[in-house]
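Each chain is listed here by its residues.
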Amino acid sequence: MVEPVETAAEQAPLIEPGHTFRSVTDKISAVVLAGKTPRGWLVGFGVSFALAMVLLTSVSYLLMRGTGIWGVNIPVGWGFAIINFVWWIGIGHAGTLISAILLLLRQEWRTSINRFAEAMTLFAVACAGLYPIIHMGRPWLAYWLVPYPNTMGVWPNFRSPLVWDVFAVSTYATVSLLFWFIGLIPDLATLRDRSPSRIGRAVYGILAMGWRGSARHWYRYETAYLLLAGLSTPLVVSVHTIVSFDFAVSIIPGWHATIFPPYFVAGAIYAGFAMVMMIAIPLRRFYGLEDFLTMRHLDNMARVMLATGLFVAYGYMMETFTAWYSANTYEQFMMHNRFAGPYAPVYWSLILCNVVVPQLLWFARVRAHVTALFIISVIVSIGMWLERFIIVVTSLHRDFLPSSWGMYYPTMWDWSTYIGTMGLFLALLFLFVRFLPMISIFEMRTLLPEAEVTEEPA
Amino acid sequence: MIRRPPIYGLMAEFSDPNELVAAARRAHEAGYRRMDAYTPFPVEELAEAMGIHRTRLPFLVLMGGIAGALAGYGLAYWTSVIDYPLNVGGRPFNSVPSFIPVTFETTVLFAALTAVLGLLAINGLPMPYHPVFNVPRFALASQDRFFLCIEATDPLFDREHTRRFLERLVPRAVSEVEH
């Protein structure tokens, strides 16, 4: 029998020993309450903000000229806008997974990463939500998506996945925001009580809403938090399921597949964990949070990435198998076109990024190597973007009739919009790190040995 | 109208959750009911020690979810069957499977909103002023100290007697809470 070997990362603690309630509070709130803004933060925020301005410029030009500035046309009407929408919203899902599903599964290691992962969710959903709106052609009529009594006397078509999407994404954004805010309240109270400046006390005080840590309040708080986690868990699965319905409910070859919902959800978590890793690694280094974001966390995240990566690989395999087994000419051609058509280099890069490279995570030595983890996360993020490119573009560009075939090439404005949303995402993340505690302080306190109540009278 | 007591209550400060739970239990056993404990993180054992057993919140959230489900399905049904029946690809006006995604989302939305607003409402937040903040050291309740406050409205409350009772629990300090 083979004895399971405990790796160094598995033995690593969730919090380095020697911390107390006070030191945890000091360490995490110091990032926010420090009077002087670190130079690195200013540079990072400046660059991100400049990129966010690229987004502003791109969207302004789009509003002036229309979607013709992008590479979309018939037959490929869904270019970067939908690729990026699915990519961003998928990234957001890891935040909800960490905050809700891992809470229900009593995975205590989530405590160090849930706060900034939830913030990441919100910012990613903000970037995602932008795309379908600017893709509409007449974005100023976006409110037509909402069912409201109007003089035209019509209603949205509730049989359409695009209307489901509106409900799913807006519910997801709202519930994520609520979940994040409820989690923040006790920490906002800590900042209110510690802030050296009058403005800080006033702003954090208003946001904390008079939270005083009463036992009765905590009791209801814990109940509400658990209920929200229970509600968010099916919600996150439903959101990406509905996003996949945008494709699967159609009859386009390569989209009309029942494997889409689970395969999309797994891909979302995969991409999301890669993004959490890409944020966590620089943060812990820059702010010296290695005590709270230990190797154990990185190891666990790497394992989740490996597992979801295998789900995704299974999805690619089954897509190919189904195309062959269906004996349907169009499905078979679609697969052949992916393997050897004009976008074949993209397809094989995707397989390399999403299937081949992440196999390195089987090795404990790779999972314990911070730089390697960062690089693999970047590769997975690229791979998941390429996956959405393949799904959107290869199915559309050559469908049933060769007379309606065409090619899709992104333009400069496609790229500038995409890079611009990255700027927006990073700028929001920089602001979050500076003004709110990036790790949940009160939940970290509960992990300390001194928080344990043994009921021995003192 | 009940006469307002001269002070809000008496507050004892502890440096350890164990001490606070033990103190809360003793106070509950001594018959004090109008009291509250303040901690920098949730302490499960406290609720039990203070005799807090249930909250209405889960029931409210269930009701919110049911209302959301009815609202979501009702919206899809009323618009597609009654107000503007439209033949889309030969599907029935009441396309049950197609209406489920929206119904599901509104169920979650209403339930989550009920959980959050219900939590704030039952906890009485936002609360711009509360007497416990008049104790200067209470700022530590959100950091690393644990407080037990017996309120003056408790029938057993007596300024001298209750103070002696709290001091017997060996806290770090006992202070009066001004209104």
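Just so it is clear, the structure is predicted and the values come from calculations on it, not from any experiment.

What counts and what doesn't
- Residues numbered from 1 in each chain as written.
- Chains lettered and ligands numbered in written order.
- Predicted model: local features only at pLDDT ≥ 70, side-chain atom pairs only at ≥ 80, totals over all residues.
- Core = buried A, V, L, I, M, F, W, Y, C linked by C-beta atoms within 7 Å.
- Buried ≥ 20, exposed ≤ 12 C-beta atoms within 10 Å, placed from the backbone.
- Helix = DSSP H or I, 4+ residues; strand = E, 2+ residues; numbered from the N terminus.
- Contact = placed C-beta atoms within 7 Å.
- Nonpolar A, V, L, I, M, F, W, Y, C, P; charged D, E, K, R; others polar.
- Arc of directions from axis to C-beta.
- Domains from an automatic or database assignment.

### A look at the nonpolar core
No. 1: Membership of the largest hydrophobic core comes to 186 residues, with the highest contact counts inside it found for Val276(A) and Leu148(B).
No. 2: Looking at this core element by element, the count peaks at 18 residues for helix α8 (residues 215–248) of chain A.
No. 3: Those residues in contact with Leu148(B) that lie beyond four places of it in its chain are Met11(B), Ala12(B), Leu20(B), Ala23(B), Ala24(B), Ala27(B), Met35(B) and Ala37(B).

### Brief notes about the interface of chain A and chain B
No. 1: Every contact between the two is made by 53 residues of chain A and, on the other side, 59 residues of chain B.
No. 2: Elements with a contribution of two residues or more to the side of chain A that touches chain B: α2 (21–33), α6 (161–194), α8 and α16 (441–447) of chain A.
No. 3: With 16 residues, the single largest contributor to the side of chain A that touches chain B is α8(A).
No. 4: For the side of chain A that touches chain B, the residue count by class is 29 nonpolar, 14 polar and ten charged.

### Some thoughts on helix α5 (residues 159–168) of chain B
Residue and element names in this part refer to chain B.
No. 1: Turning to α5, its buried residues are Thr-162, Phe-165 and Leu-166. Buried positions in α5, seen along its axis, are confined to an arc of 95° and lie on one side of it. Set apart from the buried face of α5 by more than 90 degrees, the exposed residues are Glu-160, Arg-164 and Arg-168.
No. 2: Looking at the buried side of α5, the elements it contacts are β1 (9–14), β3 (146–151) and β4 (173–177).
No. 3: Of the residues trailing α5, Val-170 is marked for its positive phi of about 45°.

### Regarding the domain arrangement of chain B
No. 1: Partitioning chain B into structural domains gives domain 1 (9–53 + 131–177) and domain 2 (57–123).
No. 2: A separation of 44 Å is found between the C-alpha centroids of domain 1 of chain B and domain 2 of chain B.

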